[in-house]
Amino acid sequence: MTDKTRDGPKTEAAKPAANRMWGGRFAGGHAEIMERINASIDVDRRLFAEDIEGSIAHAAMLVRQGIIRQEDGDTIRRGLEQIRDEIERGDFAFSRSLEDIHMNVEARLAALIGAPAGRLHTARSRNDQIATDFKLWVRGAIDALGEGLRELVAGLLDLAEPHAGTVMPGYTHLQPAQPVTFGHHLMAYVEMFERDRGRLADARKRLNESPLGAAALAGTSFPIDREATATALGFDRPAANSMDAVADRDFALEYLAAGAILAVHLSRLAEEIVLWTSDGFRFVRLSDAYSTGSSIMPQKRNPDAAELVRGKAGRALGALQALLVVMKGLPLTYGKDMQEDKELTFEATDSLMLSVAAMAGMVRDMTPDPEAMRRATASGHSTATDLADWLVRTLSLPFREAHEITGRIVKLADERGSSLADLPLAAMQAIEPRVTDAVFAVLSVERSVASRTSFGGTAPDNVRRAIKAARERYR
């Protein structure tokens, strides 16, 4: 009896029988519930390519070291390549009774080539094998996620460039604070996602040590060449301590930590999009491609893609927390608890990849409304700080005194229902007689953003330089 998984390949139902892959220690079979809790094949089947890649490298090294014969090594390699093809075609029947990807591949190899298959596991253990497979997979996930972030950042840069001078409100406490530009706002996320790429790259550097050859935990008495297998698999070096090599899951934790921070950044941008598309803002519009409607309210246009990105952040955050809890009490070296690492990491990665792709699509899809942003910027007295700064520069007032005077002027404007720019000069002079009509030069939002020329400020020329510098970094 077989069932089809969503990934395609078939899985045979578990059969309570002696596990021939363990040799003579166990003669009887497991209880059905033990088969269910012990087997990991429904999860770690995703490691088939990495498992076969590692086995091919290991077999080639055994041949070079004279541990197995060349003809056996060649036969093993051909058999492994055939198994890889079968799995990729969806023609491979995975068996839960064989527990994991390693035993499933090895059992199929034995069926294909006979006795030489038994030589493949010389000088290794499932402990170093799974650590190697998982590191290879996480390394690939980091590379794929980095490319996804590259696409997202490219979209942000392309959107920011024509809006380097488009004014919009900058907020603190979600209250209008000071004018900024839409391009400057988008570039804040470029900085965030660049840090995310840097964290992922750093995690990749640290994980790139090969566990293969550490065997169960103590190394092996066979004359293996761990440098050779490390090089063949693209690692920088072999892991230096055999116990750490099989017990370490720091690489997954660090990857998930970087992924959790990335998920938070994606969620923050998603929340901005939810706000910006709402009737209270209307700063941007998403097309039908990234919006949904309501089953009962015909007028509704919902930013569901952004809301789902916001919601999926919980998966990455939860995966990190869960794996930290798994690892926190484990003595060296390997415990079966560590089998939980892959499902958590796979699910978090799927969510992150989907969220990054969805966000990149939304950024490309967004149509900003500069006029709506301009209208919103005109409210809330967002140039009050410019007025206080003018009082400091022009009247040589201490900032705290200038702040107090500006607060009184703002209060007067509120009472009159006026903006600062439209408040009569005489009204301001009633509060501070030394104010002149030169003050109006700093009260427009355009002049406000143009004046913010300090490094990292929102002045349009600053934003354009930041965009150019970011494009150089992403070449």
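Structural notes, computed from the coordinates. Values in this document were obtained by computation on a predicted structure and should not be read as measured data.

With that settled, the discussion passes to the side chain of Thr 229. The residue Thr 229 is located in helix H8 (residues 226–232) in this model. With relative accessibility at 1%, the residue Thr 229 sits in the buried group. When neighbours within four sequence positions are excluded, Thr 229 is seen to be in contact with Ala 57, His 58, Met 61 and Leu 212.

A few words on the packing of aromatic side chains. Overall, the coordinates contain eight aromatic pairs when judged by the stated rule. Ring-pair connections join several aromatic residues into one group, and the members of that group are Phe 134, Trp 137, Phe 251 and Phe 346.

Another aspect to go through is the packing of helix H11 (residues 304–327) against helix H12 (residues 340–365). It is the contact of H11 with H12, at a shortest axis distance of 9 Å, that shows an interaxial angle of 155°. As judged from the angle between their axes, H11 and H12 are roughly antiparallel. H11 and H12 meet at a crossing whose hand is left-handed. Between H11, through Ala 305, Ala 306, Val 309, Lys 312, Arg 315, Ala 316, Ala 319, Ala 322, Leu 323 and Val 326, and H12, the contact on the second element is made entirely by Glu 340, Asp 341, Leu 344, Glu 347, Ala 348, Ser 351, Leu 352, Leu 354, Ser 355, Ala 358, Met 359 and Met 362.

With that settled, consider the pairing of strand E4 (residues 167–172). Here six bridges tie E4 to strand E5 (residues 175–181), and the two strands are oriented antiparallel to one another. Bridged to Tyr 171 within E5 is Pro 176. Hairpin remark: E4 followed by E5, antiparallel, with two residues in the connecting loop; positive phi at His 173, about 55°.

In this section: helix H3 (residues 48–64). With 17 residues, H3 should reach 24 Å at 1.5 Å per residue; the first-to-last C-alpha distance of 24 Å fits that figure. Taken residue by residue, H3 has Phe 48, Glu 50, Asp 51, Ile 52, Gly 54, Ser 55, Ala 57, His 58, Ala 59, Met 61, Leu 62 and Val 63 as its buried positions. Buried-residue contacts for H3 involve helix H2 (41–44), helix H4 (70–89), helix H5 (101–113), helix H6 (126–160) and H8. Gly 66 lies just past H3 and shows a positive phi near 75°.

Attention shifts here to the nonpolar core. Across soluble globular proteins, nonpolar side chains show a tendency to be buried alongside one another. Core analysis: the largest hydrophobic core is formed by 99 residues, its most contacted members being Leu 152, Leu 156, Phe 193, Phe 283 and Met 359. Sort the elements by how many residues they give to this core and helix H10 (residues 250–277) lands first, with 15 residues. Once residues lying within four places of it in the same chain are set aside, the contact partners of Phe 193 are Leu 149, Leu 152, Val 153, Leu 156, Leu 262, His 265, Leu 266, Leu 269 and Tyr 474.

Reading the values: the criteria
- The numbers attached to residues start from 1 for each chain and follow its sequence in the written order.
- Only residues with pLDDT of at least 70 get local features here, since the model is predicted, and only at 80 or more are side-chain atom pairs given and counted; chain-wide, interface and lining totals rely on the full set of residues.
- Based on all heavy atoms of the structure, the side-chain values leave hydrogens and waters out of the count.
- Numbered from the N terminus, helices here are DSSP runs of H or I no shorter than four residues, and strands are runs of E no shorter than two.
- Burial classes: relative accessible area under 20% of the type maximum marks a residue as buried, over 50% as exposed, and values in between as partly exposed (1.4 Å probe, protein chains only).
- By definition in these notes, contact holds between two residues if any of their heavy atoms fall within 4.5 Å.
- Any pair of Phe, Tyr and Trp rings, taking the six-membered ring for Trp, is counted once the centres come within 6.5 Å. Such a pair is stacked with planes under 30 degrees apart, edge-to-face with planes over 60 apart, and tilted for the rest.
- Angles run from 0 to 180 degrees between N-to-C directions of axes, and those axes are lines fitted to C-alpha atoms, restricted for helices to the stretch in contact.
- Roughly parallel refers to an angle under 35 degrees, roughly antiparallel to one over 145, roughly perpendicular to one between 65 and 115, and oblique to any angle outside these ranges.
- The sense of a crossing depends on the near helix, which, turned anticlockwise from the far helix by less than a right angle, makes the crossing left-handed and, turned clockwise, makes it right-handed.
- In this description, strands pair whenever DSSP reports at least two bridges between them.
- The span expected for a helix works out to 1.5 Å for each residue beyond the first.
- Buried Ala, Val, Leu, Ile, Met, Phe, Trp, Tyr and Cys residues that are joined via side-chain atoms within 4.5 Å together make up what is termed a nonpolar core.

Note that every value here comes from positions in space, so none of it alone points to a role or purpose.
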